[in-house]
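# Geometric and topological summary
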Amino acid sequence: MSNGSSRPSSILVVEDDAGDFSLVRAQARLAGWVLSEKDPVIWAQTLAEGMATARREAPDVILLDLSLPDSSGLATLRAMRAAVPDLPIIVLTRVQGLSLVGDVFEAGAQDYLVKGQFNFDALGRAVRHAVVRNRLEQKIAVNERILATGIEAIDEAFVLFDSDDRLVFCNEKYRSLYAGSADLMVPGVTFEHFIRERVKRGQYSAASGREDEWVAERLAAHRQSNIQLLHQLDNGRWLRIVERKTADGHIVGFRVDVTELQTAKEAAEAASAAKSMFLASMSHEMRTPMNGVLGMLELVSATELTSGQREYIELAQNSARSLLVLLNDILDLSKIEAGKMELEHVKFEPRSVLSETLRALSMCAQEKGLAIDLQIDERIPDFLLGDPTRLSQIIINLLGNAIKFTLKGRVTLAAAVEELGAEGARIAFSVSDTGIGIPREQQGAIFAAFTQADTTTTRKFGGTGLGLAICSRLVALMQGQIEVDSEAGRGSVFRFVVPFGLSAGTADSFQPAVPADLASDVRLRILLAEDNPTNQKYAMAVLANAGHSVTLAQDGEEAVAQALAATFDLILMDVEMPRLDGFGATQAIRAGGFASPIIALTAHAIPGFRERCLAAGMTDYLSKPVRSRDLLSKIAQIHGRAPDRALATEALVPVAGSQAESVAPVLDTAYALELLYGDIDILLMLLPIMPDQIAADRLEIAGAIAGKDAVRVRKASHRLKGSAGQIGAIATQKTCELLEATAASGNCDAFVELQQQLEADLDALVPAIANYLEKCSAATP
Ligand code: ADP
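Residues numbered from 1 in each chain as written. Predicted model: local features only at pLDDT ≥ 70, side-chain atom pairs only at ≥ 80, totals over all residues. Heavy atoms only, no water.

### What to know about the overall build of the chain
Helix and strand content of the chain: 26 helices and 22 strands. Considering the chain as a whole, with its 781 residues, one finds that 46% of them fall into the buried category. Summarising the internal contacts of the chain: among those between residues at least 6 apart in sequence, 63% fall at separations of at least 24. Put simply, the chain shows about 37,200 Å² of open surface, and 55% of that area lies on carbon and sulfur atoms. (Helix = DSSP H or I, 4+ residues; strand = E, 2+ residues; numbered from the N terminus. Buried < 20%, exposed > 50% of the residue type's maximum accessible area, 1.4 Å probe, protein only. Contact = heavy atoms within 4.5 Å. Areas by Shrake-Rupley, 256 points an atom, 1.4 Å probe, with all protein chains shown as cover.)

Laid out in structure tokens, this is it:
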């Protein structure tokens, strides 16, 4: 039967009753289908014959009686349907009733006719209906097949649940993924039942021990409309689960096997963490010998040197310090990247952290003739909880850059309250400068490691491109954000906002403040437990120079034995030593009843170190490289005294000034600032009163020499020596020292030559002081 015509070209009637067959044929004739030249009606009297004919002739439609000699009831229909799955079948029945109608449709018929009750018109309609319906059903079946083969062909597991969360369909891949639950995968099973059963069978390793919770979480995720999860199956494979809700409430799910991807990701992460750990431990290990090098250089530079030697030593010191800075940067960055950087959460005073940090860099700014200032919002609480060391590290980096990239103008550090609540405060810090600025297109890149805004930067300004990478990672660790606002040629503003906890009360007392400026000369019996020979020499020389008596222990066990055998006022304890480390040694020493202070010496910058020291029974600690003044002031502080200034001065290293021809610099303000722990305010207070004192002492010395009064010469030169040393007037200090010694020996003949030298020193010193003061006042706003 073609699409347009309503006349079938062949009708197979499977009917054993000749009378019933004649009735059908009569109606077909009435319908006008039986033409003289061709009769479309074919007759078969048994099911077997009907099936054979249907297969052979492929009629347009089959009229099928269900009660035949060789078959009866729905079995007849099912058999015919199976024999010719794609031909339309109209059932001929004597029974009227809905149940039959339902059954015949279910069993594959397209329509039915009740025998004796249809005319040609009803026959025509039934045939047309059956043919059209069959065609549509075929089309649907084809589409379903295409869809199903498509879904089977994809490499991923597919599953479909209906709006009641019952399984509608899943593909073979899905079955094979959940092979251990193949028996559960029958259409109609609910997702919840499926999951619960699998958990019961131990098929989700992640669920073990928290089954109910796991099921609840999984169901909650499943009920959301869009999810992506990563699950590991009991067989170790990783699945990415993607589920989407359709508009009619079905849930379509994919399971993508990402085991290879996941393994590769884990391997890459492990490799990256291993690289960072390697870098961290290498830079850590390299710091110890670097400290030794720096310490020895400091000692060498404290000895008599020619100007050439001093210059070489200074170059070596500068290189060693740069290398140490680089090592520290790499250590920091790799620690952050390996996830090993832990922040402290201690009480601190933000105002003093900011002013100390600014002070540390103010000298560099002033040397470049830059004004540097600090603006602190008065609403900032007196105490905050957070990591002051890292905060100061970020600011030092930003200030350092601001000073480095600014040739004239001003650098400003500002801190303001962004948000202040009962629980905490968000503080906005900014470092702005009037420097070269950063072109917009380069601003995105500067926070990446080893990146500089333009390639000429290293040549012109130096640097490694690590500073901002560390800053941005530290800020992120602190849960904050950092941003830059800059324009080429117009300066830059780096701004970061970080949250802090709030805390009432006073600051933590463990970390000492800058030592008090007192003088006292107490000899202590010190046990030094240190295994590194360079560090041993350095510490012993510094301590001996300071007048202390030092006993050396080569390792932790020796330290325990010595500490318990003799009397010591103090122990300096290296942490990493052979046989027994500093913590173990300290515990044993404390257990043996030793009550005096024990100071740890460590190159470890690890979080929680302070707590470990305290727990082991240590009193305090010093980080390596240990600067001589820090060591002495720590000792003095712990023993309730400030360092002996004269001794500390000897242990410190005056840095040569610009006068390359002279061994001792006229005015070494950097050295003076070191003595003052960077407190430029005190230096700026001392310098203006110096010229008057110099004039007075100069007259006194000249008079005493003229009168050959050795006692007066000794006293006056002693006094001038003290003041000169204090401000970094090294040349004057040395000449005074010689004069003093000469006077003490009573050799008045050498006075004249030394006096000329002193006059020359002072002639250079007075204008140097004036120059320095002028430079500082020009730089201050
Ligand atoms: P480094 O200073 O060691 O090169 P940083 O990571 O601290 O590395 O800075 C990266 C780059 O960002 C610098 O090389 C410079 O080009 C640019 N930069 C940073 N701060 C400033 C600033 N205040 N003014 C101008 N350029 C800056």
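### Notes on the pattern of salt bridges
Side chains bearing opposite charge may pair, as long as their charged atoms lie close to each other. Following the criterion strictly, the structure yields 37 salt bridges and no others. Residues Asp373 and Arg410 are paired through a salt bridge, measuring 2.9 Å at the closest nitrogen-oxygen approach. Of this pair, Asp373 sits in strand β12 (residues 371–376) while Arg410 sits in strand β14 (residues 410–420); the two residues are 37 residues apart in sequence, bridging distant segments of the chain. Here Arg698 and Asp763 are joined by a salt bridge, their closest N and O atoms 2.4 Å apart. Placement of Arg698 in helix α23 (residues 680–706) and of Asp763 in helix α26 (residues 751–779) is noted, with a sequence separation of 65 residues between them. Note on Arg698: relative accessible area 22%, which makes it partly exposed. The network of salt bridges with shared partners includes Glu15, Asp20, Asp65, Arg94 and Lys115. (Salt bridge = Lys/Arg side-chain N within 4 Å of Asp/Glu carboxyl O.)

### Topic: helix α2 (residues 47–57)
Those residues of α2 that sit buried are Leu47, Gly50, Met51, Thr53 and Ala54. On an axial view of α2, the arc spanned by its buried residues comes to 165°, and they lie on one face. Seen from the buried face of α2, the exposed residues on the opposite side, beyond 90 degrees, are Arg55 and Arg56. Looking at the buried side of α2, the elements it contacts are β1 (11–14), β2 (41–44), β3 (61–65) and α3 (74–83). The first or second residue beyond α2 is Ala58, which carries a positive phi of 45°. (Arc of directions from axis to C-beta.)

### Quick notes on helix α18 (residues 582–591)
Looking at α18, one finds that the buried residues are Gly582, Phe583, Gly584, Ala585, Thr586 and Ile589. Considering only its buried residues, α18 is in contact with α17 (556–565), β20 (570–574), β21 (598–602) and α19 (609–616). Structurally, the start of α18 carries an N-cap: the backbone nitrogen of Phe583 is 3.1 Å from a side-chain oxygen of Asp581. At the C-terminal side of α18, Gly593 shows a positive phi close to 100°. (Polar contact = N/O pair within 3.5 Å; in protein donor to acceptor, adjacent residues only side chain to side chain.)

### Considering the nonpolar core
The biggest cluster of nonpolar side chains holds 45 residues, and the ones touching the most others in it are Leu391, Leu398, Ile427, Phe429 and Phe496. At the level of secondary structure, the elements contributing two or more residues to this core comprise α10 (307–337), α11 (350–367), α12 (388–404), β14, β15 (424–433), α15 (467–477), β16 (481–486) and β17 (492–502). The greatest single-element share of this core, amounting to seven residues, is contributed by α12. Apart from residues lying up to four places away in sequence, Phe496 is in contact with Leu391, Ile394, Ile395, Leu398, Ile427, Ala428, Phe429, Val475, Gln481 and Ile482. In this structure, Leu720, Ile727, Ala743 and Cys776 belong to the second largest nonpolar core, which totals 29 residues. (Core = buried A, V, L, I, M, F, W, Y, C linked by side-chain atoms within 4.5 Å.)

### Things to note about the packing of α17 against α18
Taken N-terminus to C-terminus, the directions of α17 and α18 make an angle of 20°; their axes are 9 Å apart at the nearest point. The angle between α17 and α18 falls in the class roughly parallel. Considering the relative orientation of α17 and α18, their crossing is right-handed. On α18, the residues that touch Gly556, Ala559, Val560, Ala563 and Leu564 of α17 are Ala585, Ala588 and Ile589. Broken down by class, the residue content of the contact of α17 with α18 amounts to seven nonpolar, one polar and no charged. (Axes fitted to C-alpha atoms, helices over the stretch in contact; angles between N-to-C directions. Parallel < 35°, antiparallel > 145°, perpendicular 65-115°, else oblique. Left-handed = near helix turned anticlockwise from the far one by under 90°. Nonpolar A, V, L, I, M, F, W, Y, C, P; charged D, E, K, R; others polar.)

### A short note on the pairing of strand β18 (residues 525–529)
Of all five residues that make up β18, four are buried, and the element is covered over most of its length. In this structure, β18 lies alongside strand β19 (residues 549–553), joined through five bridges in parallel fashion. Within β19, the residue paired with Leu527 across the bridge is Thr551. Where β18 lies against β20, four bridges are found, and the strand directions are parallel. Each residue of the ladder has a partner; that of Leu527, found in β20, is Ile571. (Pairing = 2+ DSSP bridges.)

### Thoughts on the sheet that holds β1
What the five strands build is an open sheet, ordered β2-β1-β3-β4-β5; its pairing is parallel. At either end of the open sheet lies a strand with only one pairing partner, and these are β2 and β5 (111–114). When strand polarity is set aside, the average angle formed by the axes of neighbouring strands in this sheet is 20°. Inspection of the sheet shows β3 paired to strand β4 (residues 89–93) by four bridges, in the parallel sense.

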